[in-house]
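These are the residues of each chain, in order.
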Amino acid sequence: MKKYDIRKICCIGAGYVGGPTMAVFAKYCPNITINVVDINKKRIDDWNSNNPLNFPIFEPGLDKLILSFRDKNLFFTTDLEKSISEADMVFISVNTPTKTKGVGAGKASDLKWVEASARQIAEFSKSHTIVVEKSTLPVKTAETIKNILSSSQDISSVDKKTFSVLSNPEFLSEGNAINDLQYPDRVLIGGEDESSINALSNLYLNWVPEKKILKTNIWSSELSKLTANAFLAQRISSINSISALCEVTGADIKQVSKAIGMDTRIGRKFLASGPGFGGSCFQKDILNLIYLCNYYKLDEVANYWKGVIDINNWQKERISKIIVNNLFGNVSGKKIAILGFAFKANTNDTRESPSISICQDLIEEGAHIAIYDPKVENSKIEDDFKKLNKINFEQCRVNWEICSSIQEAALESDAIVVLTEWQEFLYIDWKSLINSMRKPAWLFDTRSCIDHNKAKNVGFNVWEIGNSVSINKY
Ligand code: UDX
Ligand code: UDX
């Protein structure tokens, strides 16, 4: 069997996946030079900034890694041609959003960036290159990549370019990415060429125990990634569906989660009820699964997974309605403080954040929204609102503001809605906050993360997800 010696790596895409993943590779593979490339020059400049606050991604522990290894064996650059031509292994970590138009719109992933990456690798590579799919991709994408690459293999040329394609999906959860990358539950490598699989596996062996490295065929690897995300999302939709039942029956979702989670067959993780799952992966991957099932005429299977997305959308809408109903069925002209815009705590990512659609619903109802998030940049919030199709951005600009503190958001508001479980929200001084609000003052805790007794004791009416007894009388 051939043995490939990996000395240089190129990673196309310096985003939430490429940046943290390559930082961890740099730490554990000190003898390998890693070039992370991106078409977005500003992103690369930000990664190269001397001030970690300018790094494009907030991820606990990432800044330390970047500062330790950048310009030693980790480089951020826009020089794609040079990086590919020197690389023995190229990771594709570009984004793959759901298509908005054309065949498969609303379900299939848009693979134009992946295809572009494959074409660039085909053009610029020299000799043998191992191409690794890191982005989450629809099953059979490796086939497309292989076709593009093989069409560039010119057997008459002196260069003798050859390729092998591996699937090595990321399982990092934002906010915990560095930990997930350093101590993964498993590393999945799918492929056909044993020598290439071993070359990648040998890199991981620098920090991952061998028993955690799982080698499969390429289609199993691609499908396992989609399935893992679909299962995780399904758990959240399941617990969210039960949260609604708790609210009307007098059960408490936290107690139910704890009780079922102690069954080792179920397990305790991913049972926190909330405003619905967000993030760049869950919805997109389930939509991909649905598209695939429909393609193979497995409509019952497709409908089963569609239910997971339907409940997720319903949960978000349900929360907007609960807020409006409790504020006497009318929020027109009322100020509502939104605490948290990121899709979960410890990230500045807002992709598919439930906050976006809940804010949109409340704006549509005529409320004035005051948003505070400790890490999300103002420009990101603006961009998210611009993309909404239900509201006219210019017309609605007066209906929302971005605040730089919890106090500013709460000032003269009628309600506080906690949408992201940021640590600092756990230590709010409810007494001083309620003094600055209109009465009756409401707290809607969609993450069930606040100590309600403290808020109730100073006079808040509290609504908590999955808990019918939390509401105080006015
Ligand atoms: C990831 C995964 O790779 C994707 O499969 C997953 O489903 C969503 O998350 P992520 O790293 O989070 O992508 O995306 P993003 O932060 O948008 O980063 C992608 C980067 O690739 C961007 O910086 C973009 O500029 C870059 N890019 C895109 C290129 O460098 N070249 C391209 O041709 C296209
Ligand atoms: C996910 C997967 O976990 C990761 O393995 C994959 O590769 C990328 O997608 P991520 O989207 O970063 O990671 O975050 P995750 O922690 O999975 O949370 C996704 C969403 O589910 C968030 O909106 C989160 O708030 C929500 N969630 C999670 C809940 O509502 N309840 C829970 O118990 C867990």
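Further up the page is the structure itself.
Note that the structure is a prediction, hence the values are computed from the model and not measured.

Asks: Explain the packing of aromatic side chains to me, please; I cannot follow it from the model alone.
Replies: By convention here, two paired aromatic rings are described through the distance between centres and the angle between planes. Scanning the model with the defined rule gives 18 aromatic pairs in all. Seen in terms of ring centroids, Tyr28 and Trp207 are 5.0 Å apart; in terms of plane orientation they differ by 15 degrees. Their pairing is stacked. Residue Tyr28 is located in helix α1 (residues 18-28), and its partner Trp207 is located in the loop between α8 (194-204) and β8 (213-216); the two are separated by 179 residues in the primary sequence. Take Trp207: its relative accessible area is 14%, and that puts it in the buried class. Taken together through their ring pairs, the aromatic side chains of Phe25, Tyr28, Phe91, Tyr204 and Trp207 make up a single cluster. Taking NZ or CZ as reference, Lys225 lies 5.8 Å from the ring centre of Phe171, over its face. The lysine or arginine in question, Lys375, covers the ring of Phe58, its NZ or CZ lying 4.4 Å from the ring centre.

Asks: Would you mind showing me how to read the state of the cysteines here?
Replies: By definition, a disulfide links two cysteine residues through a covalent bond between their sulfur atoms. The full count for this structure, using the stated rule, is zero disulfides. This cysteine, Cys281, is not joined by any disulfide, and Cys11 carries the nearest cysteine sulfur, 15 Å off. Not part of a disulfide, Cys293 finds its nearest cysteine sulfur in Cys281, a span of 18 Å. Judged by relative accessible area, which is 9%, Cys293 ranks as buried.

Asks: I would appreciate a short explanation of the site of ligand 1 in the present structure.
Replies: Surrounding ligand 1, one finds 20 residues, the nearest of these being Asp38, Arg43, Thr136, Lys284 and Arg351. Between Lys284 and ligand 1, the recorded distance is 2.6 Å, taken from a side-chain N or O atom to an oxygen atom. Between Arg351 and ligand 1, the recorded distance is 2.7 Å, taken from a side-chain N or O atom to an oxygen atom. For ligand 1, whose unbound accessible area comes to 690 Å², protein coverage reaches 92%. Class assignment for the residues of the shell around ligand 1 results in seven nonpolar, nine polar and four charged.

Asks: Help me understand the site of ligand 2, please; the structure alone is not making it clear to me.
Replies: Within the structure, ligand 2 sits among 19 residues, and Glu174, Ala272, Gly278, Lys344 and Arg447 are positioned closest to it. Within the backbone of Ala272, a nitrogen or oxygen atom sits 2.8 Å from a nitrogen atom of ligand 2. The separation between an oxygen atom of ligand 2 and a polar side-chain atom of Lys344 is 2.7 Å. The fraction of the free accessible surface of ligand 2 (660 Å²) that becomes covered by protein chains is 91%.

What counts and how
- Residues numbered from 1 in each chain as written.
- Chains lettered and ligands numbered in written order.
- Predicted model: local features only at pLDDT ≥ 70, side-chain atom pairs only at ≥ 80, totals over all residues.
- Heavy atoms only, no water.
- Phe/Tyr/Trp six-rings, centres within 6.5 Å; stacked < 30°, edge-to-face > 60°.
- Helix = DSSP H or I, 4+ residues; strand = E, 2+ residues; numbered from the N terminus.
- Buried < 20%, exposed > 50% of the residue type's maximum accessible area, 1.4 Å probe, protein only.
- Lys NZ or Arg CZ within 6 Å of the ring centre and 35° of its normal.
- Disulfide = S-S within 2.5 Å.
- Near = heavy atom within 4 Å.
- Polar contact = N/O pair within 3.5 Å; in protein donor to acceptor, adjacent residues only side chain to side chain.
- Areas by Shrake-Rupley, 256 points an atom, 1.4 Å probe, with all protein chains shown as cover.
- Nonpolar A, V, L, I, M, F, W, Y, C, P; charged D, E, K, R; others polar.

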